[in-house]
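Per-entry structural report
Single-letter residue listing:
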Amino acid sequence: MAKVMAVNAGSSSLKFKLFEMPEEKVLCSGNAERIGHEDAIFGMKWNGESEKKVLPILDHARAVELVVEAMLEKGIVKDMNEIVAVGHRIVQGGKYFSKSELFNEDTEAKIESLIPLAPLHNKAHLVGFRAFKKILPNVTNVAVFDTAFHQSMEPEDYTFPIPKEFTEKYDCRRYGAHGTSHKYLSEMGLKYLPGVEHPRIISCHIGSGASITAIKDGKCVATSMGLTPLGGIMMGTRTGDLDPSVMNYLCKCTGKSVEEMYQIFNKQSGFQGVSTVSNDSRDVIAAAEAGNKDAQLSIRLFTRRIADFIGQYYVRLGGADLIIFSAGIGENSIESREDILKEITPALGLSIDYEANKVRGKEALLSKPDSKIKVVVIPTDEEVMIARDTFAFYKK
Ligand code: ADP
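What you see is a predicted model; the values in this text were computed from it and never measured. (Residues numbered from 1 in each chain as written. Predicted model: local features only at pLDDT ≥ 70, side-chain atom pairs only at ≥ 80, totals over all residues. Heavy atoms only, no water.)

Description of the nonpolar core
One recurring pattern in soluble globular proteins: nonpolar side chains tend to sit buried together. Here is the rule: Nonpolar core, defined: a set of buried Ala, Val, Leu, Ile, Met, Phe, Trp, Tyr and Cys residues in which side-chain atoms within 4.5 Å join the residues together. Each residue is placed in one exposure class: buried if its accessible area under a 1.4 Å probe, protein chains only, is under 20% of its type's maximum, exposed if it is over 50%, and partly exposed if it falls in between. Under the DSSP-based scheme used, a helix requires at least four consecutive residues in state H or I and a strand at least two consecutive residues in state E, with every element numbered from the N terminus. In what follows, a contact means two residues having at least one pair of non-hydrogen atoms within 4.5 Å.
Among the nonpolar cores identified, the biggest contains 43 residues, and I202, I206, I212, I310 and I323 are the most heavily contacted of them. Elements supplying a minimum of two residues to this core: strand 9 (200-206), strand 10 (210-216), strand 11 (219-223), helix 10 (281-289), helix 11 (293-316), strand 12 (322-326), helix 13 (334-348) and strand 14 (374-377). When residues in this core are grouped by element, the largest group, 8 residues, is from helix 11. Setting aside residues up to four positions removed in sequence, I323 forms contacts with I202, C204, I310, I344, L348, I373, K374, V375 and V376.

As structure tokens, this is what we get:
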């Protein structure tokens, strides 16, 4: 038995989950939010109990200290040396990483060199890594990349049709995101495909951030997010794919800079922008049901973009054996799943049990036996994937 920590450090947050491995038992989990503020929030759950407090957390180093103090105080560990390894989620692994890697000096330097491709994320991951390393200097550290699973794409799936010079000089290409989740889902999905020799899976990770991935024989062949997590389907506040001239046109119309417009595409678009109600699908659905036309349009737009990608990947995979729904909306929104399934059913020959679809946050089979493609809900678990990869390095 060994205790392994999975860490997800964001620009102003630090999420953590401690596992007993190889049992994959969760010992505690928590989150430091609003790091950098006097009124930051620290929360932890353990053994059926939970605690949340507001206090100053001025940097990530302090957040890590709080994690350690809380775990010792609650008796989750008696000594920090019980933690044998720490796995860190890294958003951007660029062209360097097609699997998880030991977090040594070389890995650290490569993650640093990739900061231009994920400015907020990679910088924050390094801050988190360094803060943990200070407190636990001798443990195995592992970097688990969101992009790694997508490195198996072929050049015609990841190359943008821009001048070759830009592709090569600036490594400007599709990297995708949510790879750890899509990998987990595709592995979990296999149990629905006994005897299928070359499983073809369309995995829909639909939360505030959302991406769809086509997986063949356990490998990603195509994914909807692009250079950054802004691309692909419409999301809570992000546009997803746009005609690139929209940027140029709107900058000219509004007098805003490219950077300002880029922020608007990231933070004020998607559900938020189209509905003008909220970035949260629950609020948007409620407004639509109350007759709000903008909210209704935003839902139709969201549904159709997802259906478009599922159709595209059905062709890319030469058919499909399994469609998986996951993440905040995919796991919980009965309405969104129903909308999407109704949109794709005629073309794909699905047969759906809409009573079985009335499920939230639980694994479920939604398709009937006569459906041409099986459809399931599988709650995602990125942290357990991080813990698994990290534990594997520790055992080596
Ligand atoms: P992220 O991890 O990308 O921040 P999540 O996966 O947590 O996002 O997904 C957030 C989305 O999930 C929100 O749009 C929210 O409305 C939706 N969601 C969460 N819980 C529910 C629920 N019980 N019913 C319907 N939608 C939900």
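Considerations on helix 11
Note the threshold: Given the number of residues in a helix, its expected span is that number minus one, multiplied by 1.5 Å. Distance and chemistry together define a polar contact, namely a pair of N or O atoms within 3.5 Å, with one atom able to donate a hydrogen and the other to accept it when in protein, and with adjacent residues in sequence counting only for side-chain atoms on both sides.
The end-to-end C-alpha distance of helix 11 is 35 Å, a good match for the 34 Å that 24 residues give at a rise of 1.5 Å each. By the burial criterion, the buried members of helix 11 are A295, S298, I299, F302, T303, I306, A307, F309, I310 and Y313. Measuring from the backbone nitrogen of D294 back to the side-chain oxygen at the start of helix 11 gives 2.9 Å, which picks out N292 as the cap. One or two residues past the end of helix 11 sits G318, with phi positive at roughly 70 degrees.

A short note on the site of the ligand
This is how it is decided: Near, as used in this document, describes a residue that has one of its heavy atoms within 4 Å of the molecule or strand being considered. Every accessible area reported is derived by Shrake-Rupley at a probe size of 1.4 Å, with residue values counting cover from the shown protein chains alone.
Taken together, G207, S208, G209, D280, S281, R282, A327, G328, I329, N332, S333 and R360 are the residues near the ligand. One of the backbone nitrogen or oxygen atoms of G209 is found 3.1 Å away from an oxygen atom of the ligand. Here a nitrogen atom of the ligand sits 3.3 Å away from a polar atom, N or O, in the side chain of R282. Protein contacts shield 67% of the accessible area of the ligand, which totals 580 Å² for the unbound molecule. Counting residues per element, the shell around the ligand draws most heavily on helix 12 (residues 327-332), at 4 residues.

Digging into the sheet that holds strand 7 (residues 101-102)
Short version of the rule: Criterion used throughout: strands pair if DSSP finds at least two bridges between them. Working convention: axes come from line fits to C-alpha atoms, limited for helices to the stretch in contact. Angles between N-to-C directions cover 0 to 180 degrees.
An order of 5-4-3-2-1-6-8-7 is seen for the 8 strands of this open sheet, with the pairing classed as mixed. Two strands in the sheet have a free side with no partner beyond their single neighbour: strand 5 (49-57) and strand 7. Packing against the sheet, helix 3 (residues 119-135) makes contact with strand 1 (2-9), strand 2 (14-21), strand 6 (83-90) and strand 8 (140-145), and its axis sits at approximately 170 degrees to strand 6.

Here's the deal with the sheet that holds strand 11
Within a sheet, adjacent strands bond to each other through the backbone by hydrogen bonds, running parallel or antiparallel. A sheet is described by the order of its strands in space; here 6 strands give the open sequence 11-10-9-12-14-13, paired in mixed fashion. Among the strands making up the open sheet, the edge pair consists of strand 11 and strand 13 (364-365).

Remarks on a nonpolar patch on the surface
Note the following rule: Residues qualify for a patch when their relative accessible area is over 30% and they have no salt bridge, like charges being joined within 9 Å and the nonpolar side chains of Val, Leu, Ile, Met, Phe, Trp and Tyr within 5 Å. By convention in these notes, a salt bridge is any Lys or Arg side-chain nitrogen within 4 Å of a carboxyl oxygen on Asp or Glu.
Where nonpolar side chains cluster on the molecular surface, the patch consists of I162, F166 and Y170 and spans about 280 Å² of accessible area. Here Y170 lies in helix 5 (residues 164-170). Taking relative accessible area as the criterion, Y170 reaches 49% and is therefore assigned partly exposed.

A short note on the layout of surface pockets
Let me state the cut-off plainly: For cavity detection a 1 Å grid was placed over the protein atoms alone, and a set of points counts as a cavity when a 1.4 Å probe fits there but cannot get out; an open set counts as a pocket when protein lies on both sides within 12 Å along at least five of seven lines, with lining residues being those that have an atom within 4 Å of a point. Grid points are joined across faces, edges and corners, and a volume is the space filled by probe spheres set on the points. Each residue receives one of three labels: charged for Asp, Glu, Lys and Arg, nonpolar for Ala, Val, Leu, Ile, Met, Phe, Trp, Tyr, Cys and Pro, and polar for the others, Gly being one of them.
Of the pockets and cavities examined, the second largest pocket occupies roughly 770 Å³. For the second largest pocket, the lining is made up of 20 residues, of which F160, L227, L230, L242 and P244 are closest to its centre. Those elements giving two or more residues to the lining of the second largest pocket turn out to be helix 7 (245-254) and helix 8 (258-267). Considered class by class, the residues forming the lining of the second largest pocket number 12 nonpolar, 5 polar and 3 charged.

Comments concerning empty space enclosed by the protein
Going through the model one piece at a time under the given rule, you end up with 1 cavity of 30 Å³ or more. Taken as a whole, the largest cavity spans an internal volume of roughly 40 Å³. F271, S281, I285, I299, F302, T303, S336 and D339 together form the lining of the largest cavity. For the lining of the largest cavity, the secondary structure elements donating two or more residues are helix 10, helix 11 and helix 13. Looking at the lining of the largest cavity element by element, the count peaks at 3 residues for helix 11. Taken together, the residues of the lining of the largest cavity break down into 4 nonpolar, 3 polar and 1 charged.

Focus on the pattern of salt bridges
Opposite charge on two side chains permits pairing when their charged atoms draw close. Using the criterion set out here, one finds 24 salt bridges in the structure. Residue K53 is joined to E51 by a salt bridge in which the shortest nitrogen-to-oxygen separation is 4.0 Å. For K53, a relative accessible area of 33% puts it in the partly exposed group. Because the salt bridges share partners, they merge into one network encompassing E51, K53, E73 and K74.

A few points about the pairing of strand 11
A large share of strand 11 lies buried, amounting to 4 of its 5 residues. The loop that links strand 10 with its antiparallel partner strand 11 comprises 2 residues; one of these, D217, has a positive phi angle of about 50 degrees.

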